[in-house]
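Coordinate analysis (summary)
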Amino acid sequence: MQQRKLHVRLNENCSEQVPYRSPDYPIYINRALLSQYPNYAAPDHWHEDIEFLYIVSGQMEYSVNGEVLRLSAGEGLIVTSGQMHYGFSHSKTECDFLCMLLHPMLLCPVHAFERDYVTPVFYGGGTPYLRLCPGTDWHEQILSILYAFYENQNAPAAPLRLLSGFASICALLYENLPRDAARTPDANPNLAVMKDMISFIQQSYTQKITLSDIARAGAVGQSKCCKLFQQFFSQSPIAYLNRYRLTKSADLLRGTQLPVTEIALAVGFNNASYFAESFRKWTGKSPREFRQG
């Protein structure tokens, strides 16, 4: 597999800009290595699309709304619409995986389909994710469909084959998920607060930001702000802010010829030495070493 660095591009509200192959079909399919992401971690994000993950080899950790799962080869994951999620490896171990995003609108030719099947399965507040494990028959059926997505993506009638598989997955989920879990539409208020605070950080990271500023963006007190960041990301709001700044600096190091000192200032670090020290702790390399590959 050709090695290339991957970056998740985000909208102002922290939702992912999904790079669909064709704007006519809201479908995204990609095979990647975790090492292609800076520091073996994708930025946390969310989107309206349903995310499907299939682990080809290796393993990764995957966070959904702060709950961390450890996924191994042969396993899969379904993340429903609007959930905050990202994959990573603290130990920087390799993982070969398939990532597929399909928008629920594909399954909504008429309102009744959306009301009776799509909304209960993919927007239900009781099912933010489903881990797919070999050994469970209907899980294996979904895993097989997911791998077929990847194999058939270039077929002459690929959109139709993908749509058929997506509908089959929705039917399997509807038939096998507990009825009470699938029909709980209440939104997670803490998730909404986190999206507001993350959106503020990602729009304002180049400026001076305090804990008070972040808490105010979510309309919560500083104590609750810290508690939510610990719950969702296992780190403080300021640690999250610094990590995001480092992620943006990695983009600039690889994508521009700007001097390191200028990059440090551009992403919100007032001290170039502190930036270099933080970057080395984050990646194991100095900014210049990282730029050279």
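Residues numbered from 1 in each chain as written. Predicted model: local features only at pLDDT ≥ 70, side-chain atom pairs only at ≥ 80, totals over all residues. Heavy atoms only, no water.

Quick look at the overall build of the chain now. For the chain, the count of helices and strands is eleven helices and seven strands. Looking at the chain as a whole, 48% of its 293 residues are labelled buried. Long-range pairs, those at least 24 residues apart, make up 71% of the contacts in the chain between residues at least 6 apart in sequence. For the chain, the accessible surface area stands at approximately 14000 Å², while carbon and sulfur atoms represent 50% of it. (Helix = DSSP H or I, 4+ residues; strand = E, 2+ residues; numbered from the N terminus. Buried < 20%, exposed > 50% of the residue type's maximum accessible area, 1.4 Å probe, protein only. Contact = heavy atoms within 4.5 Å. Areas by Shrake-Rupley, 256 points an atom, 1.4 Å probe, with all protein chains shown as cover.)

Turning to the environment of Leu143, a few remarks are in order. By the element assignment, Leu143 lies in helix H2 (residues 137–152). Residues Leu143 and Glu75, spaced 68 residues apart in sequence, show a C-alpha to C-alpha distance of 7.7 Å. Sequence-distant contacts of Leu143, defined by excluding residues within four places in its chain, comprise Tyr54, Gly74, Glu75, Gly76, Leu132, Cys133 and Pro134.

So, about empty space enclosed by the protein. In this structure the tally under the stated criterion is one cavity of 30 Å³ or more. In this model, the largest cavity occupies a volume close to 50 Å³. (1 Å grid on protein atoms, 1.4 Å probe; cavity = no way out; pocket = protein on both sides within 12 Å on 5 of 7 lines; lining within 4 Å. Points joined across faces, edges and corners; volume = space filled by probe spheres on them.)

Turning to the nonpolar core, a few remarks are in order. Nonpolar side chains in soluble globular proteins tend to end up buried together. The biggest cluster of nonpolar side chains holds 35 residues, and the ones touching the most others in it are Met194, Met197, Phe229, Phe233, Phe275 and Phe279. The set of elements that each furnish at least two residues to this core consists of strand E5 (85–88), helix H5 (189–204), helix H6 (211–217), helix H7 (222–233), helix H8 (237–255), helix H9 (260–266) and helix H10 (272–283). Filtering out sequence-adjacent residues up to four positions away, Phe275 remains in contact with Leu246, Ser249, Val260, Ile263, Ala264, Phe269 and Pro287. With 28 residues, the next largest nonpolar core counts Ile29, Met100, Leu102 and Leu172 among its residues. (Core = buried A, V, L, I, M, F, W, Y, C linked by side-chain atoms within 4.5 Å.)

Below, the discussion takes up unusual backbone geometry. Glycine aside, a negative phi is what most residues show, and trans is what most peptide bonds show. Phi at Tyr40 is positive, roughly 55°, even though this residue is not glycine. By the element assignment, Tyr40 lies in the loop between strand E1 (27–33) and strand E2 (50–64). You can call Tyr40 partly exposed: its relative accessible area is 21%. For Asn65, which is not glycine, the phi dihedral falls at a positive 55°. Note on placement: Asn65 falls in the loop between E2 and strand E3 (67–72).

Let's shift gears to the state of the cysteines. Within the structure shown, the criterion is met by zero disulfides. Free of any disulfide, Cys108 has its nearest cysteine sulfur in Cys170, 8.6 Å distant. (Disulfide = S-S within 2.5 Å.)

We now examine H5. With 16 residues, H5 extends 23 Å from end C-alpha to end C-alpha; this agrees with the ideal 22 Å at 1.5 Å per step. Those residues of H5 that sit buried are Leu191, Val193, Met194, Lys195, Met197, Ile198, Ser199, Ile201, Gln202 and Ser204. Of the surrounding elements, those touching the buried residues of H5 are H6, H7 and H8. (Expected span 1.5 Å × (residues − 1).)

Within the element layout of this structure, Ser199 appears in helix H5. Judged by its relative accessible area of 11%, Ser199 falls in the buried class. Here the side chain of Ser199 touches Gln203 through a polar contact of 2.7 Å, side chain to side chain. (Polar contact = N/O pair within 3.5 Å; in protein donor to acceptor, adjacent residues only side chain to side chain.)

What follows covers the packing of H8 against H10. The axes of two packed helices give the description: the angle between them and the distance between them. It is the contact of H8 with H10, at a shortest axis distance of 11 Å, that shows an interaxial angle of 90°. For the element pair H8 / H10, the angle class is roughly perpendicular. The residues of H10 that touch H8, namely those facing Asn242, Arg243, Leu246, Thr247, Ser249, Ala250 and Leu253, are Tyr274, Phe275, Ser278, Phe279 and Trp282. Among the residues forming the contact of H8 with H10, the class breakdown is seven nonpolar, four polar and one charged. (Axes fitted to C-alpha atoms, helices over the stretch in contact; angles between N-to-C directions. Parallel < 35°, antiparallel > 145°, perpendicular 65-115°, else oblique. Nonpolar A, V, L, I, M, F, W, Y, C, P; charged D, E, K, R; others polar.)

This part is about the pairing of E1. Among the seven residues that make up E1, six are buried, leaving the element largely enclosed by the rest of the structure. Pairing of E1 with strand E6 (residues 95–102) involves seven bridges; the strand directions are antiparallel. Bridged to Arg31 within E6 is Leu98. (Pairing = 2+ DSSP bridges.)

Okay, the side chain of Asn30 next. Of note, Asn30 is situated in strand E1. Among the polar contacts listed, one links the side chain of Asn30 to the side chain of Tyr28, at a separation of 3.4 Å.

Where helix H1 (residues 111–122) contacts helix H3 (residues 158–176), the axes come no closer than 10 Å and their chain directions differ by 75°. Of the possible angle classes, the one that applies to H1 and H3 is roughly perpendicular. Two secondary-structure elements touch here, H1 through Asp116, Tyr117, Val121 and Phe122 and H3 through Phe166, Cys170, Leu173 and Tyr174. Split by residue class, the contact of H1 with H3 holds seven nonpolar, no polar and one charged.

The next subject is the pattern of salt bridges. This structure, assessed with the given rule, holds eight salt bridges. For Asp44, the salt bridge goes to Arg243, with nearest N and O atoms at 2.6 Å. Taken together, the residues Asp44 in the loop between E1 and E2 and Arg243 in helix H8 connect sequence positions 199 residues apart. (Salt bridge = Lys/Arg side-chain N within 4 Å of Asp/Glu carboxyl O.)

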